[in-house]
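Observations on chain architecture
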Amino acid sequence: AQRVTQPEKLLSVFKGAPVELKCNYSYSGSPELFWYVQYSRQRLQLLLRHISRESIKGFTADLNKGETSFHLKKPFAQEEDSAMYYCALGDTGNQFYFGTGTSLTVIP
Amino acid sequence: GAVVSQHPSWVICKSGTSVKIECRSLDFQATTMFWYRQFPKQSLMLMATSNEGSKATYEQGVEKDKFLINHASLTLSTLTVTSAHPEDSSFYICSARGTSWTREQYFGPGTRLTVT
């Protein structure tokens with residue numbers, strides 16, 4: 001069963017426009033949700049974790065248990081935000097589930 | 001902190017030979033390491049999970065005799081691709097979890113394997 005769903009494979013926005021990358025999950029226990037980012041030719045990097053409730057590079061993500069979502073948002077997209085974004089879920093065991101990723105392109 | 005390295009970063013080998021890829025946690029102890037495979041423009045596919053000192057747990061469809069994983073210490077795990085074939089050509093990525101952290105994983109830079 002697909003634990004993490006990212007419905008958009010590709011997303012393009014103009015510089016300065018708001019951006020939202022969607023992530024929905026399916027898990028009955030207490031998950032930990034993460035956003036990872038992969039810039040061109042670089043390793044996967046942890047961007048956000050839901051338990052920290054932090055803002056990194058202007059990005060925020062709120063865990064909505066009612067909607068089982070963990071959407072990633074930024075009010076004003078920048079060109080350097082262009083990258084591949086993966087939503088991930090860590091379960092109470094040792095399992096980690098990645099979404100299929102969303103490729104974000106910020107148009108200058 | 002939380003740096004994971006991989007060696008080599010790329011390797012070319014002939015069909016039928018074996019290749020070993022190392023994954024090291026440089027500044028923390030990793031009780032659990034993961035090995036992934038990533039195809040171009042696709043998400044990561046988990047191959048196996050290895051805990052220090054015990055046998056790796058392989059995902060369905062991953063041949064354990066072909067992809068040998070050893071996690072001999074808290075800072076080193078190795079993946080050996082045995083009798084490599086061109087279809088094994090891929091990007092192999094390892095990640096690690098620390099001993100007392102939350103569930104996030106920290107990723108190595110990946111190893112590009114090309115089998116000719």
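Scroll up for the structure.
This text gives an overview of the structure that appears in the document.

1. Examining the overall build of chain B
Tallying secondary structure elements over chain B gives zero helices and eleven strands in all. Ordering the α and β elements of chain B from the N terminus gives β-β-β-β-β-β-β-β-β-β-β. In summary, chain B has a C-alpha radius of gyration of 13 Å against a globular reference of 13 Å for 116 residues, a match within 12%. Considering only residue pairs separated by 6 or more positions, chain B has 55% of its internal contacts joining residues 24 or more positions apart. Between the mean site of the 11 positive side-chain charges and the mean site of the 9 negative ones, chain B shows a separation of 3 Å.

2. Details of the interface of chain A and chain B
Size of an interface, as often reported, equals the accessible area lost when the parts are brought together. With 22 residues of chain A at the interface, the matching set in chain B holds 20 residues. Of the roughly 1,700 Å² buried where chain A meets chain B, counting both sides, 47% is carbon and sulfur surface. When the area that chain A buries against chain B is broken down by residue, the three leading residues are A:Arg43, A:Asn94 and A:Phe96, summing to 34%. Taken together, chain A and chain B are joined by one salt bridge. Note that A:Arg49 and B:Glu104 form a salt bridge whose closest N and O atoms lie 2.7 Å from each other. Seen at the junction of chain A and chain B, the total is nine residue pairs in polar contact (both at pLDDT 80 or more). Elements supplying a minimum of two residues to the side of chain A that touches chain B: strand S5 (32-38), strand S6 (45-49), strand S9 (83-90) and strand S10 (96-98) of chain A.

3. Let's talk about the pattern of salt bridges
Counted according to the given criterion, the structure contains eight salt bridges over all chains. Salt-bridge contacts for A:Glu79 lead to A:Lys15; the nearest nitrogen and oxygen are separated by 3.9 Å. Here A:Glu79 is found in the loop between strand S8 (72-74) and S9, whereas its partner A:Lys15 is found in the loop between strand S2 (10-14) and strand S3 (19-21), with 64 residues between them in sequence. By relative accessible area, which is 47% here, A:Lys15 ends up partly exposed. Between B:Glu22 and B:Arg24 there is a salt bridge, with the nearest N and O atoms lying 3.4 Å from each other. For B:Glu22, a relative accessible area of 25% puts it in the partly exposed group. Salt bridges sharing common partners tie together A:Glu20, A:Lys22 and A:Lys73.

What counts as what
Residues numbered from 1 in each chain as written. Chains lettered and ligands numbered in written order. Predicted model: local features only at pLDDT ≥ 70, side-chain atom pairs only at ≥ 80, totals over all residues. Heavy atoms only, no water. Helix = DSSP H or I, 4+ residues; strand = E, 2+ residues; numbered from the N terminus. Rg over C-alpha atoms; globule rule 2.2 N^0.38 Å. Contact = heavy atoms within 4.5 Å. Lys, Arg positive; Asp, Glu negative; His and termini not counted. Charge placed at Lys NZ, Arg CZ, Asp CG, Glu CD. Buried area = accessible area lost by both parts, 1.4 Å probe. Salt bridge = Lys/Arg side-chain N within 4 Å of Asp/Glu carboxyl O. Polar contact = N/O pair within 3.5 Å; in protein donor to acceptor, adjacent residues only side chain to side chain. Buried < 20%, exposed > 50% of the residue type's maximum accessible area, 1.4 Å probe, protein only.

Geometry only, nothing functional implied.
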